[in-house]
Amino acid sequence: MSETVTLYWIRRDFRLQDNAALAAAIERGDPILPVYLLETSKDASWPMGGASKWWLHRALEEAAAGWREREGQLLIRSTADPLDTLLEIAKATNAKRVVWNRRYEPEERECDATVKRGLRDAGIEADSYQNALLVEPHTIGTGEGKPYKVYTPFWKACQKRELPQPVKVPMNNLKVYQGQIKSDAIPSLELLPKHHWYRKMEDSWKVGEQEAQRLAQTFLKERVKAYSEQRDLPAEVGTSRLSPYLHWGHIGPRTLAYELRQTHDTASGGALVYLKELYWREFAYNVLYHFPHTSDQPLRPEFSDFPWQEDDQALRAWQRGETGYPIVDAGMRELYATGWMHNRVRMVVASFLVKHLLQPWQAGARWFWDTLVDADLASNSLGWQWSAGCGADAAPYFRVFNPILQSSKFDPEGDYLKRWLPELSSLSEKHIHAPWEASSSVLSGASVRLGKDYPKPIIDHKAGRERALKAFELFKK
């Protein structure tokens, strides 16, 4: 009788190091067949966006090459029914066990529970592991046993726990499945759109575990000490830029948090701020896990009746980076070109959409979902509800970011603006943040024709702020 096989079901855990499910599979001693299933259910509420598809395409290429180097095969299948496909693969390979790392989004949790029951009913072992988070949502709550809605007490509760260490994966003991089984070719998945807009992203990212490790080491060695000062400056390389690698599992939060504490004092300074950012991600998953409706509906139910003024033209101007506000337009153009946006600018553009333009936060969340390479349902939902004032730990609705002041404060010399808005590059730092306030002679000298080379403001800042506050006051009544 042929030896049994363990199927390692890969989802968003494209790494070999610090991988709980892979470690458990190797320790079992059976040959391992890694499997990636592109889940294609038409009922998915949040089907994968364009930027995510590009990243996944590259991640699969990198992972497949890595398994070939180990004389193994990454089995890829496109399927609307993961359970049936896993049962089919198990039968063809004599697999008696399937392992995977847990997911926490509502529909994915439901899928995984269905798969686990179905496999066990068929006599196949099915085991899942903690890998994507430091603190699983079902293991933490308030003193009353309720889920946290505010970050600070959540952070304090997490600090009382021992930091989980990275999982050691005994790769030297790896045995790979040697049989032959048909796999879908990566191009056949059609993850790359026919319109080659993604080509610009190729210049911004190198996808894979090795690059994630390189970026992490560079950040921890060279930039984390100044993180608290540099992270708000979009023209500087002051952030880790690890968010897509964390989302896709090229690196894990255990590795980052552990190495951070091994090399820095996390009680203060940039290391503390970065650690708290890692736990803000944990908080986002905590909220979505306990309040699954928040991917589409506000956590604060009264905001379901907020008087948004849906305007396709205004939304389109925001999406295209044509609002006439340089900091907003620079951020939106950075997003479209790179699949990423600096976090400070994310807050500014989100505030502008939901407050100045009174567009529903869901419209912004959907656009980010389609254009971000780090499109994470938990973080995206929390961030947009924070900006709209309707979610967990949310900024008050009456807090309206002034895009001009935000721009001049965090990009004082206009370097970020000039990078993404070359049509304004000849304007001085005095005028670039609000070009409509410059005289005609200044604009002429910089070869800027408002309304032609660069749009006029889509709305007056003061008028937009007052409209937002009036809508909020009417809403409260």
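Everything that follows concerns the structure shown earlier in this document.
The structure reproduced in this document is the subject of the present report. (Residues numbered from 1 in each chain as written. Predicted model: local features only at pLDDT ≥ 70, side-chain atom pairs only at ≥ 80, totals over all residues. Heavy atoms only, no water.)

Next up on the list: the overall build of the chain. In terms of helices and strands, the chain carries 20 helices and five strands. With the principal axes as the frame, the chain shows a C-alpha extent of 85 × 50 × 45 Å. Split into buried and exposed, the 477 residues of the chain put 55% on the buried side. Excluding contacts between residues fewer than 6 apart, the proportion of contacts in the chain whose partners are at least 24 apart in sequence is 80%. A total accessible area of about 21500 Å² is found for the chain, and carbon and sulfur atoms account for 48% of it. Averaging the positions of the 63 positive and the 62 negative side-chain charges in the chain gives two centres separated by 2 Å. (Helix = DSSP H or I, 4+ residues; strand = E, 2+ residues; numbered from the N terminus. Buried < 20%, exposed > 50% of the residue type's maximum accessible area, 1.4 Å probe, protein only. Contact = heavy atoms within 4.5 Å. Areas by Shrake-Rupley, 256 points an atom, 1.4 Å probe, with all protein chains shown as cover. Lys, Arg positive; Asp, Glu negative; His and termini not counted. Charge placed at Lys NZ, Arg CZ, Asp CG, Glu CD.)

Along the chain, His 264 turns up in the loop between α10 (253–263) and α11 (269–290). In terms of polar contacts, His 264 uses its side chain to reach the backbone carbonyl oxygen of Leu 220, at 2.7 Å. Residues contacting His 264, with those up to four places away along its chain left out, are Leu 220, Val 224, Lys 225 and Ala 271. (Polar contact = N/O pair within 3.5 Å; in protein donor to acceptor, adjacent residues only side chain to side chain.)

Negative charge collects at one region of the surface, where Glu 236, Glu 413, Asp 415 and Glu 429 lie side by side. Note that Asp 415 resides in helix α18 (residues 415–420). Residue Asp 415 is classed as partly exposed on the basis of its relative accessible area, which comes to 39%. (Patch = residues over 30% accessible without salt bridge, like charges linked within 9 Å, V, L, I, M, F, W, Y side chains within 5 Å. Salt bridge = Lys/Arg side-chain N within 4 Å of Asp/Glu carboxyl O.)

Another point: the pattern of salt bridges. Across all of its chains, the model carries 24 salt bridges by this definition. As a salt-bridge pair, Arg 103 and Asp 112 come within 2.7 Å of each other at their nearest N and O atoms. Residues Arg 103 and Asp 112 agree in their burial class; the two are buried. For Glu 144, the salt bridge identified is with Lys 146, shortest N-O distance 3.9 Å. Residues Glu 144 and Lys 146 agree in their burial class; the two are exposed. Connected through salt bridges with shared partners, the residues Arg 11, Arg 12, Glu 39, Arg 103, Glu 105, Glu 108 and Asp 112 form a single ionic network.

Everything listed is a geometric property; what it means functionally is a separate question.
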